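Below, each chain spelled out in residue letters.
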Amino acid sequence: MPDTASLPTPEDARREYIKVMIDLKGQSVMNLLVNYVIWDNQLAQSIKIDYRNLTAWLRGTQARLSPTKQVAFESFLGLDGGKLQEGVVHSWQPTLSASDLKKHLDIIKRWLGSEPVVIWDIGRHPGTQQIVRIVKMNTRLVRISAVSSLWEVLLPVMNVSESQIRYLPTKPSGDHYWQSCPLDFGAVSAGLIAIDRLEQVHNSADQIEDNTWLQLIKDCGISGISPREARKRIFNSSMQHPRYQGSMATLALPRT
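Just so it is clear, the structure is predicted and the values come from calculations on it, not from any experiment.

Here the focus is the side chain of Gln 85. Within the secondary structure layout, Gln 85 lies in the loop between β2 (83-84) and β3 (89-92). The buried category is assigned to Gln 85, whose relative accessible area is 19%.

Reading fine detail from the predicted coordinates is not recommended where pLDDT is low. Chain-level statistics for the chain give a pLDDT mean of 79 and a share of 74% at 70 or above. Mean pLDDT in the chain bottoms out at helix α12 (residues 242-252), which sits at 42, and peaks at helix α4 (residues 51-58), which reaches 96. Counting interchain partners and residues more than four positions distant, the pLDDT-below-50 stretch residues 243-256 has five contacts.

Right, let's get into the pairing of strand β5 (residues 131-137). Here β5 lies mainly inside the structure; seven of its seven residues are buried. The pairing of strand β4 (residues 118-124) with β5 spans five bridges and is antiparallel. Opposite Arg 124, over in β5, you have Ile 131 as the bridge partner. The pairing of β5 with strand β6 (residues 140-146) spans seven bridges and is classified as antiparallel. Bridge pairing links Val 132 to Ser 145 in β6. Taking the residues that link successive antiparallel strands as the turn, the β5-β6 hairpin has two residues, and the phi of Asn 138 there is positive, at about 55°.

Moving on: the nonpolar core. Ranked by internal contacts, the top residues of the largest apolar core, which has 48 residues, are Phe 73, Trp 111 and Met 158. Every element with two or more residues in this core is listed here: α1 (10-25), α2 (29-37), α4, α5 (67-76), α7 (105-112), β5, β6 and α8 (148-157). Excluding residues that lie within four positions of it along the chain, Trp 111 makes contacts with Tyr 17, Val 20, Met 21, Leu 24, Leu 79, Gly 82, Lys 83, Leu 84, Trp 92, Met 137 and Arg 140. In terms of nonpolar packing, the next biggest core, distinct from the first, is built from ten residues, Leu 141, Phe 185, Val 188 and Leu 192 among them.

As enumerated under the stated definition, the model contains seven aromatic pairs in all. Measuring from ring centre to ring centre gives 6.1 Å for Tyr 36 and Trp 39, while their planes differ by 40°; the resulting arrangement is tilted. For Trp 39, a relative accessible area of 21% puts it in the partly exposed group. Ring plane angle 85° and centroid distance 5.5 Å describe the contact between Tyr 36 and Phe 76, whose orientation is recorded as edge-to-face. Here Phe 76 lies in helix α5 and Tyr 36 lies in helix α2, a separation of 40 residues in the sequence. For Phe 76, a relative accessible area of 16% gives the class buried. Clustering of aromatic rings is evident, with ring pairs tying together Tyr 36, Trp 39, Phe 73 and Phe 76. For the cation-ring pair, Arg 15 lies above Trp 57, with the distance from its terminal atom to the ring centre recorded as 4.8 Å. When the ring centre of Trp 151 is taken as origin, the NZ or CZ atom of Arg 133, which lies over that ring, is 4.8 Å away.

The rules behind each value
- Residues numbered from 1 in each chain as written.
- Predicted model: local features only at pLDDT ≥ 70, side-chain atom pairs only at ≥ 80, totals over all residues.
- Heavy atoms only, no water.
- Helix = DSSP H or I, 4+ residues; strand = E, 2+ residues; numbered from the N terminus.
- Buried < 20%, exposed > 50% of the residue type's maximum accessible area, 1.4 Å probe, protein only.
- pLDDT = per-residue confidence, 0-100.
- Contact = heavy atoms within 4.5 Å.
- Pairing = 2+ DSSP bridges.
- Core = buried A, V, L, I, M, F, W, Y, C linked by side-chain atoms within 4.5 Å.
- Phe/Tyr/Trp six-rings, centres within 6.5 Å; stacked < 30°, edge-to-face > 60°.
- Lys NZ or Arg CZ within 6 Å of the ring centre and 35° of its normal.

This is the structure:
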């Protein structure tokens, strides 16, 4: 039987989730706590969190942060019971290395790898080499700004290749449009859905055209017409079109 004393407690699991989210946010604990204080939310107004107690708890010191405060800070970071909150535009800007990110992959897979994922590329973070993308998972959206080496780690986790990433049209406001806080989930989601539907229309038209050519090739094969013979017949038929009669007659005039 497994040693129950060695199994992580719910508090240990919550601590790990919060530490990973802090790394993905790309901000210091102090900055996050400052933002928590000014967070327009009843939790933040009624539940105060001390910086020293929070950092001690994150280091593993038990009983330094009450369960109520743990849940409040977890909610502020965008988590709900160890899962990403729905109906929220999350914003991640990880500054850790690819090797450090790999240590978090089990948790990130739990957040990003359980549902179909669609990614839109919206350019680069102004003044940096960070590639900015929006990841959509049904009712959750995550805006991720990360350097190429981190994307190389994240994309396989999300079962997405570079060739599958879609590109959003360039906006005059650039990436600042997607950084406004808080982003309106409904507006962003509706915008992405509209782009997705437009792509589907284009893809459908292309597919119909491709299928028409495939059917023509199939019909030629059934009729025993080789590609060379089909080309010859199409060319000869087009030359009989009235549009070409004048030019062909001119070309046929004998030289004097």
